[in-house]
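Descriptive structure summary
Read off the chains here:
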Amino acid sequence: MGELSCYAYHWLTMRKEYTKRSRGNADSSGFTVTEIIVVLAIIMCLAGVAFPIFTKISYNIRLKSAASNLSGLMQNARIAAAKNNTVYRISMSTSTACAFNVANNTCDSKLPQITFNSSVTPATGAPTGSGGTPSPYVLVGDTGTGTPYDNATTLGFSARGLPCAYASSTCSTPATTYFVYYLQDARGDGTTGWAAVVVTRTGRTKSYTWNGASWN
């Protein structure tokens with residue numbers, strides 16, 4: 001009987017301790033309404049700070065992609081001109097660009113054609129550095145003469161793959177200076193992004209974007 005009472009006492013003690021722990025866990029679990037409101041406020045503040053940053057990154061990626069695609073198209077046209085021993089020119093509208101085979105009088109279907117994003121368009125000419133526009137790109141070390149060719153000039157490639165200012169069905173080489181073709185990106189925040197695709201007199205191409213202070 002004494003042994004049974006000992007077991008009963010031990011069982012009651014363990015049950016009481018378990019109940020205390022259960023209540024303690026119940027009291028410590030979950031968050032108060034105030035804590036939830038504070039956490040939500042912090043999340044909203046962080047989102048408000050991060051959203052413009054991610055939006056700007058998205059704009060820059062879109063513009064860089066367009067400039068890179070245009071640069072690649074020019075290189076493809078250069079290679080095709082030398083390979084096919086005929087003149088190619090870059091045909092650009094406000095929304096598309098292609099490598100135009102002058103001999104066939106059509107865009108080369110074997111080469112990729114570009115469709116610009118609806119917010120990205122070729123500029124009408126070089127920026128002036130005023131009115132919020134960037135300064136014109138300058139190719140350091142170039143020994144050419146005259147003002148660099150820009151969007152107002154049609155870029156062509158001779159049958160040897162050398163760039164030229166294509167005009168009146170004529171592609172005269174070597175070009176007197178380098179070429180710079182500018183793209184504009186009308187952004188949702190009211191600003192305008194700028195990119196430049198540079199073609200040297202030897203035919204090498206490279207794309208740049210304006211960061212607000214310089215081309216990089």
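Here's a quick rundown of the structure. (Residues numbered from 1 in each chain as written. Predicted model: local features only at pLDDT ≥ 70, side-chain atom pairs only at ≥ 80, totals over all residues. Heavy atoms only, no water.)

1. Side note on the overall build of the chain
On a plain count of helices and strands, the chain comes out with two helices and 10 strands. Reading the chain from its N end, one meets helices and strands in the order α-α-β-β-β-β-β-β-β-β-β-β. Residue burial in the chain is summarised as follows: out of 216 residues, 31% are buried. Approximately 13600 Å² of the chain is accessible, and the part contributed by carbon and sulfur atoms is 58%. (Helix = DSSP H or I, 4+ residues; strand = E, 2+ residues; numbered from the N terminus. Buried < 20%, exposed > 50% of the residue type's maximum accessible area, 1.4 Å probe, protein only. Areas by Shrake-Rupley, 256 points an atom, 1.4 Å probe, with all protein chains shown as cover.)

2. Let's talk about the nonpolar core
One finds L70, M74, L155 and L183 to be the most contacted residues of the largest nonpolar core, which totals 27 residues. At the level of secondary structure, the elements contributing two or more residues to this core comprise α2 (33–84), β1 (88–92), β2 (96–101), β6 (154–157), β8 (179–186) and β9 (192–199). The element that contributes the greatest number of residues to this core is α2, accounting for nine residues. Not counting the four nearest positions on each side in its chain, M74 is found in contact with I90, L155, F157, Y181, V197, V199 and T205. If you look at the next biggest cluster of nonpolar residues, it comprises 11 residues, including A123, Y137, L139 and W194. (Core = buried A, V, L, I, M, F, W, Y, C linked by side-chain atoms within 4.5 Å. Contact = heavy atoms within 4.5 Å.)

3. With respect to the pairing of β1
Looking at chain direction, β1 and β2 are connected through five bridges and run antiparallel. Each bridged residue has a counterpart across the sheet, and for S91 the counterpart in β2 is C98. Taking the residues between adjacent antiparallel strands as the criterion, β1 and β2 are bridged by three residues. Bridging between β1 and β6 involves two bridges; their strand directions are antiparallel. In the sheet register, Y88 faces β6, and the bridge partner there is F157. (Pairing = 2+ DSSP bridges.)

4. Observations regarding the packing of aromatic side chains
Applying the stated criterion across every chain, the model contains six aromatic pairs. Within the aromatic cluster, the residues linked to one another by ring pairs are Y182, W194, W210 and W215. The ring of F100 carries the charged tip of R89 above its face, separated from the ring centre by 4.1 Å. (Phe/Tyr/Trp six-rings, centres within 6.5 Å; stacked < 30°, edge-to-face > 60°. Lys NZ or Arg CZ within 6 Å of the ring centre and 35° of its normal.)

5. Digging into unusual backbone geometry
Cis rather than trans, the peptide bond between T173 and P174 has omega equal to 0°. Considering the arrangement of structural elements, one finds P174 in the loop between β7 (163–166) and β8. Look at S168: it is not a glycine, yet its phi comes out positive at around 55°. Of note, S168 is situated in the loop between β7 and β8. S168 gets classed as exposed once you look at its relative accessible area, which sits at 73%. Positive phi values are uncommon outside glycine, yet S169 reaches one of about 60°.

6. Focus on the state of the cysteines
Within the structure shown, the criterion is met by two disulfides. One disulfide in the model links C98 with C107; its S-S distance is 1.9 Å. On the S-S bond that ties C98 to C107, the torsion sits near -45°, and the link is left-handed. C164 shares a disulfide with C171; S-S distance 1.9 Å. Because the sign of the S-S torsion sets the handedness, a value of about -115° for the bond joining C164 and C171 places this disulfide among the left-handed ones. Residues C164 and C171 agree in their burial class; the two are buried. In the chain, the cysteines engaged in disulfides, taken in order along the sequence, are linked 1-2, 3-4. (Disulfide = S-S within 2.5 Å.)

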